[in-house]
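# Topology and contacts: notes
Chain by chain, the residues:
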Amino acid sequence: MRGNRTMSQRQAGVSLMGLIIVLILLAAIALFAMKIIPSYMEFRGMKSAIASIARERPGASPAEIRKSFEARAQIDDFASVKPQDLVIEKGSISFAYRKEVPLFTGVGLYIDYAASTGQ
């Protein structure tokens, strides 16, 4: 009979302890990602904002660029970079900042973000 197994045959697979360890690791990675992703999404939004401002307003004055960035910051809720923090040089707009992401009590992660348009 094919359905019966003899005592010498063993099933291969993941043990309960192995499954628990894998689930704990996946939960830790998911928690880490949930803390980091909002910070990264804000950075990507600000980077996109300065790129579109540089593309749409190539000859704008620094005051106009800051005003455009402030309008986008209010709409997209950017809090990490203020219009005064933008470095505006001929042909480029840039910013850089450090973000602290608290992971759990007493432990955090510092992330340095920087973006630039032009040269």
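Further up the page is the structure itself.
Source: prediction; values computed, not measured.

The rules behind these values
- Residues numbered from 1 in each chain as written.
- Predicted model: local features only at pLDDT ≥ 70, side-chain atom pairs only at ≥ 80, totals over all residues.
- Heavy atoms only, no water.
- Helix = DSSP H or I, 4+ residues; strand = E, 2+ residues; numbered from the N terminus.
- Axes fitted to C-alpha atoms, helices over the stretch in contact; angles between N-to-C directions.
- Parallel < 35°, antiparallel > 145°, perpendicular 65-115°, else oblique.
- Left-handed = near helix turned anticlockwise from the far one by under 90°.
- Contact = heavy atoms within 4.5 Å.
- Pairing = 2+ DSSP bridges.

## Comments concerning unusual backbone geometry
- Of note in this structure, Asp77 is not a glycine but carries a positive phi near 60 degrees.
- Checked against the element boundaries, Asp77 lands in the loop between helix H2 (62-76) and strand S1 (87-89).

## As for the packing of helix H1 (residues 16-56) against H2
- Taken N-terminus to C-terminus, the directions of H1 and H2 make an angle of 140 degrees; their axes are 10 Å apart at the nearest point. As summarised for this structure, H1 and H2 are arranged oblique, according to the angle between their axes. You can see that H1 and H2 cross each other, and the crossing is right-handed. Facing Met46, Ala49, Ile50, Ser52, Ile53 and Glu56 of H1, the residues of H2 in contact are Ile65, Ser68, Phe69 and Arg72.

## Some remarks on the sheet that holds strand S3 (residues 107-116)
- An order of S1-S2-S3 is seen for the three strands of this open sheet, with the pairing classed as antiparallel. In this open sheet, the two strands that pair with only one neighbour each are S1 and S3. Looking at each pair of strands side by side, their axes are set apart by 15 degrees on average, direction ignored.
- Strand direction decides the pairing type here: strand S2 (residues 92-104) and S3, joined by ten bridges, are antiparallel. Each residue of the ladder has a partner; that of Pro102, found in S3, is Gly108.
- Its contacts with the sheet place H1 against S2 and S3, and it is angled at close to 170 degrees to S2.

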